[in-house]
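Each chain is listed here by its residues.
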Amino acid sequence: MSAIEPTMIDQTTGPTAGHATKERRAAWVLTAPALILMVVILLGPVIIAGVLSFTNYSLGNSSFDWVGTQNYEKLFTRSTYEKMFVATLTYVVTVVPISVGLGLGAALLINSLGRFREIYKTIYFLPVMATLLAMAIAWEFMLHPSIGMVNRTLEMGCGTFLEQIWSFMSQGCADRFPVWLGDKRYAIWVICFIGIWQGFGFNMVLYLAGLTSVHRELYHAAEMDGARSAWERFRLVTWPALGPTTVFVVTITCIRAFQVFDTIEAFWPQGGGPNKSTYVMMFAIFEKGVQQNLIGIGSAITMLFLLFVMFLTLIQRWLVERKVHYK
Amino acid sequence: MAELSIKNVTKRFGETEVLKGVSLDIADGEFVSLVGPSGCGKSTLLRIIAGLEEQNSGDIRIGGTSVAGQRAADRNLSMVFQSYALYPHLSVGENIAVPLRMRRMSGLQRLPLLGGLMPGARAMARAIGHDVHRAAEMLEIRHLLDRKPGQLSGGQRQRVALGRALVREPAAFLLDEPLSNLDAKLRVQTRAEIAQLHRRLETTFVYVTHDQVEAMTMSDRIAVMMGGRILQCAAPDVIYEDPDRIEVAEFIGSPKINILPLEVGDDGRLSLLDHALNLAVIDGTRGVASLGLRPETLRLTRGKSPLRGRVVHSENLGAEIFVQIEVAGLAERVTLRAGPEKRNTLALGTSVALDFDIDKALVFDADGARLRKLRHVTRATAEVA
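Basis of the calculations
- Per chain, residues are indexed from 1 in the order of the written sequence.
- Ligands are numbered from 1 and chains lettered from A, in the order in which they are written.
- Under the rules for a predicted model, residues below a pLDDT of 70 receive no local features and side-chain atom pairs below 80 are neither given nor counted, while totals for whole chains, interfaces and linings still include all residues.
- The numbering of helices and of strands both runs from the N terminus, where a helix is a DSSP run of H or I of at least 4 residues and a strand a run of E of at least 2.
- A residue is called partly exposed when the number of other C-beta atoms within 10 Å of its own lies between 12 and 20, exposed at 12 or fewer, and buried at 20 or more, with C-beta atoms placed from the backbone.
- What counts as a contact here is a pair of residues whose C-beta atoms, placed from the backbone, lie within 7 Å.
- Paired strands, as defined in this entry, are two strands with at least two bridges between them according to DSSP.
- Axis geometry follows a simple rule: fit a line to the C-alpha atoms, using only the stretch in contact for helices, then measure angles between N-to-C directions, giving values from 0 to 180 degrees.
- Roughly parallel here means an angle under 35 degrees, roughly antiparallel means over 145, roughly perpendicular means 65 to 115, and every remaining angle is called oblique.
- Crossings are assigned a handedness: left-handed for a near helix turned anticlockwise from the far helix by less than a right angle, right-handed for a clockwise turn.
- To define a nonpolar core, we join buried Ala, Val, Leu, Ile, Met, Phe, Trp, Tyr and Cys residues through C-beta atoms within 7 Å and take the resulting set.
- Multiplying one less than the number of residues by 1.5 Å gives the expected span of a helix.
- An automatic or database domain assignment is the source of the domain bounds shown.
- Here the term charged refers only to Asp, Glu, Lys and Arg, the term nonpolar to Ala, Val, Leu, Ile, Met, Phe, Trp, Tyr, Cys and Pro, and the term polar to all other amino acids, Gly among them.
- A score from 0 to 100, pLDDT tells how confident the predictor is in each residue.

Draft legend 1. Structural context of the overall build of chain A. If you tally the helices and strands in chain A, you get 15 helices and zero strands. With respect to the principal axes defined by its C-alpha atoms, chain A has extents near 95 × 70 × 30 Å. Looking at chain A as a whole, 30% of its 327 residues qualify as buried. In chain A, the share of contacts with a sequence separation of at least 24, taken over all contacts with a separation of at least 6, comes to 67%.

Set out below in structure tokens:
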């Protein structure tokens, strides 16, 4: 908190000791409201959750017992939580690279357009603006095994050449097409797909903003220096210039991916998908902490979640300061 | 090293015609400045030579061969940009190496990690490093090679941009206002250094600037451009002393040349403010004309003179003073250059009379073209007339 100590000292006359103390006190008084709010709203709950994660507290109980690291031990030993980690990591590792890549690709394509830029921008941004819960209901209808649009469309491919070249098609036509939301092989990938569909427009907008800061003369310099192909110009100019944007986009996408919840809650309100295959961290926190009122274990998952996010933020800070901060 | 030849180049951006048929021949090893006010098309012409822009018609030849349809990367020209356009993520050494890596190494050899394992990549990297050091030494930036452009001052960045341009020995250098982002002192210093560099490299330089002082001090020839045309292309002293057009005379020279209205009498005799001069036109020009007088051709006089007025402003530059004089009958003030010893006699509000050397006066017709065919009228004939 040294930053808030008074630094404007009158150097010509030299402050008296009393004057300096008075000023320091005034500085503390003036910053107190902000400090108190920060502690009460932001730091307090985190600390409380941290404390509760070592207890067996339930909401409504007047007391609780200390259980030590029991909650954490459960997290790392029980198969339910193993499934939680698998589902969360699968989702993050799939959604982050693809939605960042698609966002960048869309931004580059839109940026190269002369006309219709705004239209494309709006179209790709639509899923970001939509409520994911409402969208999930629409997706649920589309993915319905018998009357859904997806399987109906796939059925149209039966009897065509697609059946010969794609084993998925031939199997689907012979037997039936997958029950997307009821099959543990597909459920997490459906969630990933919706996550990408919903999220890449946001990344695209961030990349579009990043692209405006790329100096046009750099492309000309690259051309003069002998960069003939678009790929070489991208490597030499665009990609390095987008470094800070990329770090930000990846971090934001990671955090959002860790937070995935509403699609899963909409599709499987009871229990995190077929055979817990989509039992992601956020849903686990919700199920344990809210539905089952097991505050202790819910807090433990929350702390773990915070740890992941903090770790990502630290990596981002390190990258921004060391690697991509050119100026 | 090569000569450049520009033939009837035109360029339109939509409805606006930026270049209206520009032709210019630049000899091998020559330093030519394209100078003109902003929007005159000088930068566009440079970019067309570079290949970054395509002309609507006309031809560019580099070293005798037409470069029509050839892209910028294949023209073997180097360019220094106004913003320097250094790659911010690469160190100074890497920046200078880029044109060599792009041209000498294959795509595989340039790969970030695997590139070094490709056959021949090591030796090539060494050769490139050697060339980079040589260029850095020439520009005295060897100690900066490991820094990023963001850590450099404007002048140092400018040198790096020059280094990147000269490291691969191009056919010609194209410089697009390279000094305009430097402070005044550094600009003067770098000006001299670029001129020296040109003498040392003996390569063709095409230099775009809006600063006439830069053009005057560095060039073998100056091409004055205005409104998409080259008005005159000649050596700096010719441009200054013997301009073809009034626009050229007005653009070159600081402070600006004094332009006074002239009347051409029926006998061709010129008169200034109803005062007959000892000069007459030979051809049939009649009516109005203009008289161009450089500030240094004017001098104070006690005798009879049509130019009489009052000192309204003066600028003391130490070695000389520029005095603005409001002359009765003229809309614009007349600027006079005087030595510092005259300072006391030229206080504000002083009434002065100005005389000038008729041989150094430049006469332009109503369209702004220079009238060179003049004859002296002796005072005796004048009085008889």
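Don't stop here, the text continues.
Draft legend 2. The pairing of strand β12 (residues 269-272) of chain B, seen in detail. Residues and elements named next belong to chain B. The alternating pattern of β12 places Leu 270 and Leu 272 on a buried face, while none of Arg 269 and Ser 271, on the opposite face, is buried. Two elements, strand β11 (residues 258-264) and β12, share three bridges in a ladder whose sense is antiparallel. Of the residues in β12, the one forming a bridge with Val 264 is Leu 270. Here β11 hands over to β12 after four residues, with Gly 268 in that stretch at a positive phi of 90 degrees. Taken together, the three bridges between β12 and strand β13 (residues 275-281) define a ladder with antiparallel strand orientation. Residue pairing across strands places Leu 272 opposite His 275, the latter belonging to β13. Linkage of β12 to β13, two consecutive antiparallel strands, is achieved through a turn of two residues, within which Leu 273 is found at a positive phi near 50 degrees.

Draft legend 3. The packing of helix α10 (residues 216-224) of chain A against helix α11 (residues 230-241) of chain A, seen in detail. Residues and elements named next belong to chain A. Running from N to C, α10 and α11 point in directions that differ by 135 degrees, and their axes come no closer than 10 Å. Considered as vectors, α10 and α11 are oriented oblique to each other. Where α10 crosses over α11, the handedness of that crossing is right-handed. Counting all contacts with α10, which are made through Leu 218, Tyr 219 and Ala 222, the residues of α11 involved are Arg 233, Leu 236 and Val 237.

Draft legend 4. Spatial organisation of unusual backbone geometry. All names here are of chain B. The omega torsion of the bond from Ser 254 to Pro 255 falls at 0 degrees, within 30 degrees of zero and hence cis. Note that Pro 255 resides in the loop between α8 (246-251) and β11. Positive phi, close to 50 degrees, is recorded for Asn 8, a residue that is not glycine. Its place among the elements puts Asn 8 in strand β1 (residues 4-13). Judged by the 13 C-beta atoms lying within 10 Å of it, Asn 8 falls in the partly exposed class.

Draft legend 5. Quick peek at the nonpolar core. In terms of nonpolar packing, the biggest core is built from 161 residues, with Tyr 91 of chain A together with Ile 49, Leu 174, Val 206 and Val 224 of chain B touching the most fellow members. The element contributing the most residues to this core is helix α9 (residues 187-212) of chain A, with 13 residues. Non-local contacts of Leu 174 of chain B, meaning those with residues more than four positions away in its chain, are made with Leu 46, Ile 49, Ala 50, Leu 77, Ser 78, Met 79 and Val 206 of chain B.

Draft legend 6. Representation of helix α2 (residues 92-104) of chain B within the structure. All names here are of chain B. Compared with the 18 Å implied by 1.5 Å per residue over 13 residues, the 19 Å span of α2 between its first and last C-alpha is a close match. Every buried residue of α2 is listed here: Val 92, Gly 93, Asn 95, Ile 96, Ala 97, Val 98, Pro 99, Leu 100 and Met 102. Taken together, the buried residues of α2 touch α3 (121-138) and α4 (154-166).

Draft legend 7. Quick look at the interface of chain B and chain A. Each side of the interface is counted separately: chain B has 19 residues, and chain A has 16 residues. Secondary-structure elements contributing two or more residues to the side of chain B that touches chain A are β6 (77-80) and α2 of chain B. For the side of chain B that touches chain A, the leading source of residues is α2 of chain B, giving four residues.

Draft legend 8. Structural context of the domain arrangement of chain A. Residue and element names in this part refer to chain A. Per the domain assignment, the segments making up chain A are domain 1 (2-52) and domain 2 (70-143 + 180-322). A separation of 38 Å is found between the C-alpha centroids of domain 1 and domain 2. On the side of domain 2, six residues touch domain 1, which itself brings four residues to the contact. When the residues that make up the side of domain 1 that touches domain 2 are grouped by side-chain class, the tally is three nonpolar, one polar and no charged.

Draft legend 9. Inspection of the sheet that holds strand β4 (residues 57-62) of chain B at higher detail. All names here are of chain B. The strand order across the open sheet built from four strands is β2-β1-β4-β5, with neighbouring strands paired in antiparallel fashion. Here the strands that pair on one side only, and so sit at the sheet edges, are β2 (16-26) and β5 (65-66). Here β4 pairs with β5 via two bridges, running antiparallel. When the sheet's bridge partners are listed, Arg 61 is paired in β5 with Ser 66. Contacting β1, β2 and β4, helix α1 (residues 42-50) crosses the sheet at an angle of about 115 degrees to β1.

Draft legend 10. Just the pairing of β4 of chain B, in detail. All names here are of chain B. Sheet analysis places β1 next to β4, joined by five bridges and oriented antiparallel. Across the sheet, residue Leu 4 finds its bridge partner in β4, namely Ile 62. With antiparallel pairing between neighbouring strands as the criterion, β4 and β5 make up a hairpin whose turn holds two residues, including Gly 63 at a positive phi of roughly 60 degrees.

Draft legend 11. Representation of the confidence of the model for chain B. Residue and element names in this part refer to chain B. Per-residue confidence for chain B gives a mean pLDDT of 85, with 98% of residues at or over 70. The spread of mean pLDDT over the elements of chain B runs between helix α9 (residues 379-384), the lowest at 45, and strand β3 (residues 31-35), the highest at 92. This model gives residues 380-385 a pLDDT under 50, and the stretch forms four contacts once residues within four places in sequence are excluded. For this predicted complex, the interface score ipTM comes out at 0.82, alongside a pTM of 0.79.

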